[in-house]
Amino acid sequence: MAVDYERQLADPGRYPFTRGNFAGGYRDRLWTFRQYSGFGTPEQTNARYRYLLEQGGTGLSVALDLPTQCGYDSDHPDVEEEVGRVGVALDSLRDAEILFDGIPLDRISTSFTINGTAAILLAFYVAVGEKQGVARAALRGTIQNDILKEYASRGTWIWPPRPSLRLIADTIEFCAEQVPRFNAISVAGAHFRDAGATAAQEMAFTLQDALTYCDEVVARGRMSIERFAPQVSFFFYTHGDFFEEIAKYRAGRRRWARLVRERYGATDDNACRFRVGCVCGGASLYAPQARNNIVRVAYEALASVLGGVQSMFTAAWDEPFALPTEASTTLALRTQQVIAYETGVPMVTDPLGGSYYVEEMTDRMEAQLVEIMADLERYGGMVKAIEDGYVQRLISEQAYRHQRDLESGERVVVGVNRFASDEPPPEVAGYEMDAGDRSRQLERLASVRRERESREVSRLLREVGAAARGEANLMPVLVEAVQAYCTLGEISDVLREAWGEFRQPVGF
C-alpha cells in the first residue's frame with residue numbers, strides 16, 4: 001500500500017494531525033477526566049462536584065435539567081415535574097454562585113452540556129467567575145452551544161435556526177475577544193449517534209455543522225478563522241466497534257485540518273487542530289446483564305485514548321436505570337485512571353499508526369466523510385437539510401436498520417440477543433427531587449426576584465430585546481442582565497418575543 005506519508009499521516013503534532021494534535025501526546029499532558037454530573041439543586045450538585053474532584057477528576061461536566069435547557073425558570077407551570085430531574089436547575093446567577101461555591105474556576109475546566117440557552121449559561125459563568133475574582137481571560141471550559149444537532153436529533157431547541165446561528169456566532173466572537181481559554185462551542189456528534197447515525201454519519205454531520213458555524217462567523221468579516229478556530233471543539237460518543245472508533249477520530253482530525261486550511265485559507269496550524277472530547281457509554285449501554293456495561297465502557301475508553309481525544313467522560317454502568325451513585329461514578333472515573341496510570345498506553349503517541357488495518361480503515365472513513373458532506377452541500381447545506389427534515393430522515397432510516405439488525409441477531413450484543421439469561425435487574429435507587437428541595441429552589445428564585453433592583457432588571461431586559469432585534473453582539477448585555485439577576489426564563493422569553501420559536505418539520 002503506497003502512502004504519501006507527509007500528506008496522509010505526518011508525525012504526531014504536524015499537519016494534517018492524523019497521528020495526533022501534539023508531538024508528545026499524553027506523555028506531555030493526559031486528557032481531562034470529566035464525569036457528567038448534575039441533579040436536583042445547586043447545593044446537591046456542588047457536593048457531588050467536590051466529591052469527584054477529591055477522587056481525582058480534573059474537570060467538571062455540568063448536566064442541566066430540561067427547564068434550564070429549554071429556557072424556563074423552575075416556577076414555570078409547565079415544567080414542575082422536570083425541575084432537577086435530569087440535571088441541576090439553574091434559574092439565576094445566585095444558583096450559579098452556589099453551584100461553583102468553593103471550586104476555583106481559575107484552576108478547574110468546566111464543560112456545560114447546553115445548547116438553546118448556552119449564551120445565557122456562558123454569561124452566568126463569566127459573572128460567577130468575576131464574583132470569585134477570576135478574570136475572564138483565566139476561565140477555561142466549554143459550552144456545547146451546538147443548536148443544529150438539536151433540531152435533527154435531540155430536541156432542546158428554542159428559537160429558529162437563523163437567529164440561533166446569530167447567537168452562536170456572537171458567543172464565538174465574545175470568547176475569542178474576552179474569554180480566550182474558553183471554547184465557545186463543542187460541535188456535538190454524540191446526539192446524532194444516540195439517535196441512530198453510523199460512526200461516519202456522526203462525524204460527517206458534525207463537521208458539516210462546524211462548517212456552518214464557521215461560515216457564519218467568517219461572513220461577518222470581523223474575525224479571521226485563525227482568531228476563533230482554536231476555540232472550536234468537538235464532542236462524540238465512542239461506541240463498541242473498537243477499530244472503527246479509532247479510525248473515526250483519526251479521519252475526523254485529518255478531514256477537519258484539511259477543511260480549515262483549504263476552505264478558509266488558514267495558515268496557522270493551531271487553527272487546524274481538531275480538539276475533541278468524548279463520552280464512553282450512552283446508547284451503547286444496556287439494561288440486561290447491566291454489569292457487562294463496565295466492560296463496554298472500559299474498552300470504549302481505551303479506543304478513545306488510542307484515537308487521541310482531549311477529554312473524556314466515562315458513563316457509569318447503572319445509567320440505563322438511574323442517575324449514577326457515588327460508587328458507580330467513582331468506578332467509571334477509576335476506569336480512566338487505570339488506563340492513564342497502569343497500562344502504559346499513554347506513553348506512546350498514536351500507537352496504532354502504521355497498522356495496515358487502521359490506516360486503511362482511516363482512509364475509508366475519511367472517504368465516507370467526504371461523500372456524506374458532499375451530499376449535504378448538494379442538498380443546500382446543513383440548515384436547509386435540517387429545516388426540510390432531510391438529516392432527520394437519514395438518521396431515522398439508519399436507526400431502523402440498526403434496530404432490525406439487533407432484533408434479527410445479525411448484530412450481536414452479549415446478554416441482550418445472545419447469551420441472555422434470567423438475571424434480575426440490579427437493585428439501584430432512582431433519584432427523585434423531594435418536595436423540600438423543590439420548595440427551596442422555588443423559594444430561592446422568589447427571593448432573587450424580591451431582592452433585586454426591579455427597574456434595572458426591566459431596563460436590561462428591554463436592552464436584551466433591542467439587541468436581539470439589532471445586529472450588535474448580544475453577549476455584553478446578557479452578562480449585564482445576569483449580573484443584575486435577570487433570570488434565565490425572563491431572558492429566554494424576551495428572545496422568544498423577538499425571534500419566535502422553532503417548529504419541527506413533519507412528514508419526514
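Computed from a predicted structure; not experimentally measured.

Student: What is the right way to read the overall build of the chain from this model?
Tutor: Helices and strands together make up the secondary structure of the chain, namely 21 helices and 10 strands. Rg of the C-alpha trace for the chain: 22 Å, near the compact-globule value of 23 Å for 508 residues, within the 12% margin. For the chain, the C-alpha atoms occupy an extent of roughly 70 × 60 × 50 Å along the three principal directions. Taken across its 508 residues, the chain has 58% of its residues classed as buried. Surface summary for the chain: the accessible area is close to 19,800 Å², and the carbon and sulfur share equals 50%.

Student: What is the right way to look at the state of the cysteines in this model?
Tutor: Linking two cysteines covalently via their sulfur atoms produces the bond known as a disulfide. Here the structure, examined in full by the defined rule, presents zero disulfides. Here Cys 175 stays unpaired: no disulfide links it, and the sulfur of Cys 214, its closest cysteine neighbor, is 14 Å away. Between Cys 214, a cysteine without a disulfide, and Cys 272, which holds the nearest cysteine sulfur, the sulfur-to-sulfur distance is 11 Å. Relative accessible area serves as the criterion here: at 2%, Cys 214 is assigned to the buried category.

Student: I tried to follow the pairing of strand E4 (residues 109-112) on my own but got confused; where do I start?
Tutor: Regular strands show a simple pattern: their side chains alternate between the two faces of the sheet. Side chains of E4 alternate between two faces, with Ser 109 and Ser 111 and Thr 110 and Phe 112 buried alike. Bridge analysis of strand E3 (residues 59-62) against E4 gives four bridges, and the strand direction is parallel. Each residue of the ladder has a partner; that of Gly 59, found in E4, is Ser 109. In terms of strand pairing, E4 meets strand E5 (residues 141-143) through three bridges, oriented parallel. Bridging from a neighbouring strand, Thr 110 pairs with Gly 141 of E5.

Student: Looking at this model, I keep getting lost on the side chain of Gln 69. Mind explaining?
Tutor: Tracing the chain through its elements places Gln 69 in helix H3 (residues 66-70). Given the relative accessible area of 2%, Gln 69 is considered buried. In this structure the side chain of Gln 69 is engaged in a polar contact, spanning 2.6 Å, whose partner is the backbone oxygen of Leu 64. Reaching out from Gln 69, the side chain makes a polar contact with the side chain of Arg 154 at a distance of 2.9 Å.

Student: When you look at the nonpolar core in this model, what are you seeing that I'm missing?
Tutor: In globular proteins that are soluble, nonpolar side chains generally tend to be buried together. Counting residues in each nonpolar core, the largest one holds 138 residues, and the members touching the most others are Phe 112, Phe 234, Trp 256, Val 391 and Ile 491. If we ignore the near neighbours within four places in the chain, the residues touching Phe 234 are Ser 186, Val 187, Thr 206, Leu 207, Ala 210, Trp 256, Phe 274, Arg 275, Val 276 and Gly 277.

Student: What's the story with the pairing of strand E9 (residues 275-280) in this structure? I'm lost.
Tutor: Most of E9 sits inside the fold, with six of its six residues counted as buried. Where E9 and strand E10 (residues 311-314) come together, four bridges link them in parallel fashion. Looking at the pairing, Cys 280 lines up with Thr 314 of E10. For the handedness criterion, the β-α-β arrangement of E9, helix H13 (residues 292-307) and E10 is classed as right-handed.

Student: I'm lost on the layout of surface pockets in this one. Help?
Tutor: Empty space among the atoms becomes visible once a probe the size of a water molecule is rolled across them. When its volume is computed, the second largest pocket comes out at roughly 700 Å³. Mapped onto the lining of the second largest pocket, the elements with two or more residues apiece are helix H8 (190-195), H13 and helix H17 (390-408). Considering each element in turn, the lining of the second largest pocket owes the most residues, seven residues, to H17. Split into classes, the residues belonging to the lining of the second largest pocket amount to 11 nonpolar, eight polar and nine charged.

Student: Help me out: how do you make sense of a nonpolar patch on the surface in this one?
Tutor: A surface patch of nonpolar side chains, about 310 Å² in accessible area, is lined by Ile 294, Val 295, Tyr 299 and Leu 331. Sorting elements by how many residues they give to the nonpolar patch places H13 first, with three residues. For Tyr 299, the location among the structural elements is in helix H13.

Student: How should I be thinking about the sheet that holds strand E1 (residues 32-34) in this particular structure?
Tutor: Within a sheet, neighbouring strands are paired by backbone hydrogen bonds and run either parallel or antiparallel to one another. An order of E1-E10-E9-E8-E7 is seen for the five strands of this open sheet, with the pairing classed as parallel. Whereas interior strands pair on both sides, the edge strands pair on one side only; in this sheet they are E1 and strand E7 (185-188). Between one strand axis and the next, the sheet turns by 25 degrees as a mean value, whatever way the strands run. Examined bridge by bridge, E1 and E10 share three bridges and lie parallel to one another. Pairing of Phe 33 across the sheet is with Met 312, part of E10. Lying on the sheet, helix H11 (residues 242-264) is in contact with strand E8 (232-238) and E9; it crosses E8 at an angle near 160 degrees. Strands in contact with helix H14 (residues 326-341) are E1 and E10; relative to E1, the strand with the most contacts, it is inclined by about 165 degrees.

Student: Looking at this structure, I do not really get H11. What am I missing?
Tutor: An α-helical turn contains 3.6 residues, so a residue and the one three or four places further along point in the same direction. Between its first and last C-alpha, H11 extends 33 Å over 23 residues, near the 33 Å set by a 1.5 Å rise per residue. When you tally the buried positions in H11, you get 17 out of 23 residues, the bulk of the element. A positive backbone phi angle near 75 degrees is found at Gly 265, which sits one or two residues after H11.

Student: Please explain the pattern of salt bridges as it appears in this structure.
Tutor: Side chains that differ in sign of charge can pair as their charged atoms come close. One pass over the full model with this rule turns up 42 salt bridges. Note that Asp 388 and Lys 384 form a salt bridge whose closest N and O atoms lie 2.9 Å from each other. Taking relative accessible area as the criterion, Asp 388 reaches 37% and is therefore assigned partly exposed. Ionic pairing is found between Arg 450 and Glu 443, a salt bridge with its closest N-O pair at 2.9 Å. Judged by relative accessible area, Arg 450 falls into the exposed class, the value being 55%. A single salt-bridge network, built from bridges that share partners, covers Asp 73, Asp 75, Arg 449, Arg 452 and Glu 490.

What counts, and where the lines are drawn
Residues numbered from 1 in each chain as written. Predicted model: local features only at pLDDT ≥ 70, side-chain atom pairs only at ≥ 80, totals over all residues. Heavy atoms only, no water. Helix = DSSP H or I, 4+ residues; strand = E, 2+ residues; numbered from the N terminus. Rg over C-alpha atoms; globule rule 2.2 N^0.38 Å. Buried < 20%, exposed > 50% of the residue type's maximum accessible area, 1.4 Å probe, protein only. Areas by Shrake-Rupley, 256 points an atom, 1.4 Å probe, with all protein chains shown as cover. Disulfide = S-S within 2.5 Å. Pairing = 2+ DSSP bridges. Polar contact = N/O pair within 3.5 Å; in protein donor to acceptor, adjacent residues only side chain to side chain. Core = buried A, V, L, I, M, F, W, Y, C linked by side-chain atoms within 4.5 Å. Contact = heavy atoms within 4.5 Å. Right-handed = clockwise from strand over helix to strand, strands pointing away. 1 Å grid on protein atoms, 1.4 Å probe; cavity = no way out; pocket = protein on both sides within 12 Å on 5 of 7 lines; lining within 4 Å. Points joined across faces, edges and corners; volume = space filled by probe spheres on them. Nonpolar A, V, L, I, M, F, W, Y, C, P; charged D, E, K, R; others polar. Patch = residues over 30% accessible without salt bridge, like charges linked within 9 Å, V, L, I, M, F, W, Y side chains within 5 Å. Salt bridge = Lys/Arg side-chain N within 4 Å of Asp/Glu carboxyl O. Axes fitted to C-alpha atoms, helices over the stretch in contact; angles between N-to-C directions. Expected span 1.5 Å × (residues − 1).

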